Structures are given as C-alpha cells and as structure tokens.
Amino acid sequence: STIIGRSGDAVRRLSERTSCRIHVSPHVPQLQERLVMVAGEHEQLVDATVSILRDIQADPHLRDHMRFEYDFHLPLGTWAGIKALPVDPDVPLLDPKETERHTKREII
C-alpha cells in the first residue's frame with residue numbers, strides 16, 4: 001500500500017520526517033483494512049495524519065474497499081498481532097467493567 005510502502009519504507013520515512021511513532025497493524029486475512037496508530041507531539045501528529053489521509057484519499061480503489069459492516073467477529077487482540085497475546089494464555093483477561101474496582105497496581 002502507499003501508506004506502508006515496500007517493506008515498510010513509506011511508514012519509516014513518514015515517521016522520520018514527522019518524528020512520530022507510527023505502527024501499522026498486521027494483515028488480518030478477512031479484511032483489506034489495517035489500523036494505523038500514530039503517536040507524537042500535536043504539530044507532528046497533525047502533519048503525519050494529514051499525510052496518511054491524503055494517501056488514503058488518493059487511492060483510486062478507495063470506493064471499492066469502503067465497507068462499514070462485516071458479517072464476522074474478530075477476536076480481541078486481532079489488530080495487534082502476536083505481540084498483544086497475554087504472557088500466560090491460561091490467565092483469563094479482565095472484563096473492562098471489572099477493572100473499575102481495581103487500582104492500576106492491582107491490575108498490573
């Protein structure tokens with residue numbers, strides 16, 4: 001893709017130019033989309049985001065790939081890839097509502 005570039009070259013160049021940390025989610029087999037997460041200072045975030053949006057809007061296949069409804073469910077953590085898996089998969093994940101009763105130290 002234009003945003004990612006060959007072997008991630010475009011993302012690296014944009015990251016270097018804007019001084020932002022940019023992460024593109026791994027490919028999910030059932031989807032064309034990927035998540036692009038950008039972190040940095042306000043001005044650099046605006047610069048990186050505008051650049052990414054321009055690339056998306058310039059894609060000649062944009063209309064073909066715009067889907068807002070899906071007929072399948074993605075498991076929690078799908079977008080983050082293997083790095084997002086729990087250290088111990090036998091320990092159950094907390095429901096977000098459960099976290100309200102605990103301090104950050106207790107959760108970690």
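See above for the structure.
Described in the following lines is the structure provided in the data block. (Residues numbered from 1 in each chain as written. Predicted model: local features only at pLDDT ≥ 70, side-chain atom pairs only at ≥ 80, totals over all residues. Heavy atoms only, no water.)

The interhelical angle for the contact between helix 1 (residues 9-18) and helix 2 (residues 42-58), taken along N-to-C directions, is 150°, at an axis separation of 9 Å. Our classification of the angle between helix 1 and helix 2 gives roughly antiparallel. For the pair helix 1 and helix 2, the crossing hand works out as right-handed. In this structure, helix 1 contributes Leu 14, Arg 17 and Thr 18 to the contact, and helix 2 contributes Gln 44, Asp 47, Ala 48, Ser 51 and Ile 52. Partitioned by chemical class, the residues of the contact of helix 1 with helix 2 number 3 nonpolar, 3 polar and 2 charged. (Axes fitted to C-alpha atoms, helices over the stretch in contact; angles between N-to-C directions. Helix = DSSP H or I, 4+ residues; strand = E, 2+ residues; numbered from the N terminus. Parallel < 35°, antiparallel > 145°, perpendicular 65-115°, else oblique. Left-handed = near helix turned anticlockwise from the far one by under 90°. Contact = heavy atoms within 4.5 Å. Nonpolar A, V, L, I, M, F, W, Y, C, P; charged D, E, K, R; others polar.)

Time to look at the environment of Ser 1. Tracing the backbone shows Ser 1 in the segment before helix 1. Among the residues examined, Ser 1 registers a relative accessible area of 65% and is labelled exposed. Sequence-wise, Ser 1 and Asp 55 are 54 residues apart; in three dimensions their C-alpha atoms are separated by 9.3 Å. (Buried < 20%, exposed > 50% of the residue type's maximum accessible area, 1.4 Å probe, protein only.)

Here we take up helix 1. Residues of helix 1 that are buried: Ala 10, Val 11, Leu 14 and Thr 18. Down the axis, helix 1 shows its buried residues gathered within 100° of arc, on one side only. Of the exposed residues in helix 1, those oriented more than 90 degrees away from the buried face are Arg 13 and Glu 16. Buried-residue contacts for helix 1 involve strand 1 (21-24) and helix 2. Directly beyond the C-terminal end of helix 1, a positive phi value near 60° is found at Ser 19. (Arc of directions from axis to C-beta.)

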